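Geometric and topological summary
Each chain, letter by letter, is given below.
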Amino acid sequence: MLGVGQKFPTYSLTATVSTDKNTAFKPLTDQDYKGKWKVYFFWPKDFTFVCPTEIAAFGKLNKEFLDRDTQLLGGSTDSEFVHMAWRTHHEALHDLPFPMLADVKRELCSSLGILDPKEGVAQRATFVVDDENVIRFVMVNDLSVGRNPNEVLRVLDALQTDELCPCNWQKGEAPLSV
Amino acid sequence: MEDLLASIPDYAKDLKLNLTAVLKQPELTEQQTWGTAVATAIASRNGDLIEFLLEEAKSHLSAEALHAAKGAAAIMGMNNIWYRFPHLSGNPKYDGMPARLRMQVIKTHGSDPVDFELWCTAVSAINACSKCVSSHEAVLREKGVTEETVIAAVRIAAVIHGLAAVMDAELASPTVPTVS
């Protein structure tokens, strides 16, 4: 599995962004959301029990993530049509404010190393990726354990309180380039 | 701008004439000049002066540069206090303690990074943080900015800071013009 400090893999996938079949699908790549941080979180299967709760919980915090120049991106190995059906079917997911990636060919999940060897689907993995597409945080839960999006937000806050000001230089250190 | 100049009382005439002069220094580009004016006006805290200069700045700065200049005033308003404290205290244990404060705008302001440094330096001069002044000045020098350019921005900071105090005073107790 890819870890902290490694580049997030390149990908080109279809994402489901709404429940309206005319506007529901959108191509997304690792080059979208330039200059933003990204939180990628994957779940094993659409239409299962733990997932909608935590996905809706991420949705509720979307504005907090946007305030931190961060784009949320959910995903699983289900197709974009299954994502749309799930969003349509489940009340808590109707107005979900972020895209769901459809990694049908399992390429992204494979390059991330999060395909469950037994089940063949995405593990419940979370990646915080910085504005230069470098992975800064990884968490993988057991398939049966839901996530706490507030914890992801706390980690993001900690990562984004880098002391970027040249005032932070200690004597003898090489200057930061800002 | 005419209204602003007309409202400056006679006892501060030097500052009035200096303001017109420092906003036309050949060492600074238009963006450097007006970004410095915006950032240092905000750092100097007089509402009327901020209103005048920000309105005027709109015709000299792109939306991005205006946003970044305001961002420089905002972030240095925080950082100048934070980074000044260790050396004010004289206790070396404070050196290097983590800030745990967001300062992403330094990276994400979206304007010219050298100009942003210049605005940070000018604000730091007003807020009197020697650590910030010396470190931002060092970055500017490293990026090839001349001392003449840096000091031109400090001239703007000095005049605007002086004027802000005058305008505060005039708000509290307006000078009655004497007929000569």
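Fair warning: this is a prediction, and the values are worked out from it, not measured in the lab.

1. Describing the interface of chain A and chain B
The interface is formed by twelve residues belonging to chain A together with 20 residues belonging to chain B. Each residue belonging to the side of chain A that touches chain B can be placed in one class, and the counts come to seven nonpolar, three polar and two charged.

2. Some thoughts on the environment of B:Pro92
Structurally, B:Pro92 is set in the loop between helix 5 (63–89) and helix 6 (105–108). The spatial distance from the C-alpha of B:Pro92 to the C-alpha of B:Val133 is 19 Å, given a sequence separation of 41 residues.

3. Some points on the confidence of the model for chain B
Mean pLDDT over chain B works out to 95, with 99% of the residues at or above the 70 mark. Here the predicted complex carries an ipTM of 0.75, next to a pTM of 0.85.

4. Here's the deal with the sheet that holds strand 3 (residues 37–42) of chain A
Residue and element names in this part refer to chain A. With mixed pairing, the seven strands of this open sheet are ordered in space as 2-1-5-4-3-6-7. The open sheet has two edge strands with one neighbour each: strand 2 (25–29) and strand 7 (135–141). Direction aside, the axes of adjacent strands within the sheet are offset by 25 degrees on average. The sheet contact formed by strand 3 and strand 4 (residues 70–76) spans six bridges and is parallel. Residue Val-39 lies in a different strand from strand 4, and its bridge partner there is Leu-72. Across the sheet, helix 5 (residues 149–159) is in contact with strand 3, strand 4, strand 6 (124–129) and strand 7; its angle to strand 6 comes to roughly 25 degrees.

Scoring rules and cut-offs
Residues numbered from 1 in each chain as written. Chains lettered and ligands numbered in written order. Predicted model: local features only at pLDDT ≥ 70, side-chain atom pairs only at ≥ 80, totals over all residues. Contact = placed C-beta atoms within 7 Å. Nonpolar A, V, L, I, M, F, W, Y, C, P; charged D, E, K, R; others polar. Helix = DSSP H or I, 4+ residues; strand = E, 2+ residues; numbered from the N terminus. pLDDT = per-residue confidence, 0-100. Pairing = 2+ DSSP bridges. Axes fitted to C-alpha atoms, helices over the stretch in contact; angles between N-to-C directions.

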